[in-house]
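Descriptive analysis of the structure
Below are the chains, spelled out letter by letter.
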Amino acid sequence: MAKTRPRRLRVIEYQVQFVSRPLEFLISAILLAVSLPVQLSVALLIYMQLGRPVIFRQIRAGKNARKITVVKFRTMTDARDAAGAHLPDDQRQSAMTRLIRRLRIDELPQLWHVLRGDMALVGPRPLLQSTVAGFGRLGEIRNSVPPGLTGWAQVSGNTRLSNAEKLAFDLWYVAHRRAGLDLRILAETLLVPLRGEVRHDARLARASRWARERFGRAVEEAA
């Protein structure tokens, strides 16, 4: 069966941004300074429990698929089974590192990326380059904006969403990127550690309907 080709596959230009670059730099610098004692404490705890390295580094796709190295606190061991394959993620975490991940503290070092301009405070999360390339033209649209420290998909279900659902959220966000939406995402990000990840079906229905109207079944097929 022939695949449905996405309609209106073009990178959309935006005139409304979240904040100017100087203001985003200032906000990131303040957040980094405020969180620095927490980051140092977490780094020490990870070193004592997991050893070195404390920081996990991985190449991800930035704006326009440009290669960037994303850092975060390491929260998993390198434990493997008899065949040499990594054990499931849950078996490679401790109670402490699960808490660090739940509170999103492991991603605080990414504020450095925002300061450098490799990431924004809000945007689609940075994915592997191979993953973005697998999305085809949809990946180009998704990565036409800088990746974010948090995003619309992350406050709308995150791990409770399928890859296709996350992609629909990301594409919807890119097309509707506005200051008010970004402020809402930042506010809701602060609530996620308190209330946990909540799947927002109404938002998902709206984003999925919007994606189908513009791209047909391309989102489901790409993810």
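For the structure itself, look to the data block above.
Now for a description of the structure that goes with this document. Every value quoted in this text rests on a predicted model; they were computed, and no experiment measured them.

**Overview of the packing of aromatic side chains**
A full pass over the atoms with the stated rule returns three aromatic pairs. Ring plane angle 85° and centroid distance 6.4 Å describe the contact between tryptophan 152 and phenylalanine 169, whose orientation is recorded as edge-to-face. Placement of the pair is tryptophan 152 in the loop between strand S4 (148–150) and helix H6 (163–175) and phenylalanine 169 in helix H6, with a sequence separation of 17 residues. Looking at phenylalanine 169, the relative accessible area reads 0%, which means it is buried.

**Topic: the nonpolar core**
Ranked by internal contacts, the top residues of the largest apolar core, which has 35 residues, are Leu138, Trp152, Leu171, Phe215 and Val219. For this core, the secondary-structure elements that each account for two or more residues are strand S2 (67–73), helix H3 (111–116), strand S3 (120–122), helix H5 (137–142), H6, helix H7 (179–195), helix H8 (201–215) and helix H9 (218–222). Tallying contributions element by element places H6 first for this core, with seven residues. Judged by nonpolar contacts, the second largest core, of nine residues, contains Ile46, Leu50, Val54 and Met96.

**Quick word on the packing of H6 against H8**
At a minimum axis separation of 9 Å, H6 and H8 run at an interaxial angle of 75°. One way to sum up the angle between H6 and H8 is to call them roughly perpendicular. Mapping the contact onto sequence places Glu165, Ala168, Phe169, Leu171, Trp172 and Ala175 in H6 and Arg203, Leu204, Arg206, Ala207, Ser208, Trp210, Ala211 and Phe215 in H8.

Procedures and definitions
Residues numbered from 1 in each chain as written. Predicted model: local features only at pLDDT ≥ 70, side-chain atom pairs only at ≥ 80, totals over all residues. Heavy atoms only, no water. Phe/Tyr/Trp six-rings, centres within 6.5 Å; stacked < 30°, edge-to-face > 60°. Helix = DSSP H or I, 4+ residues; strand = E, 2+ residues; numbered from the N terminus. Buried < 20%, exposed > 50% of the residue type's maximum accessible area, 1.4 Å probe, protein only. Core = buried A, V, L, I, M, F, W, Y, C linked by side-chain atoms within 4.5 Å. Axes fitted to C-alpha atoms, helices over the stretch in contact; angles between N-to-C directions. Parallel < 35°, antiparallel > 145°, perpendicular 65-115°, else oblique. Contact = heavy atoms within 4.5 Å.

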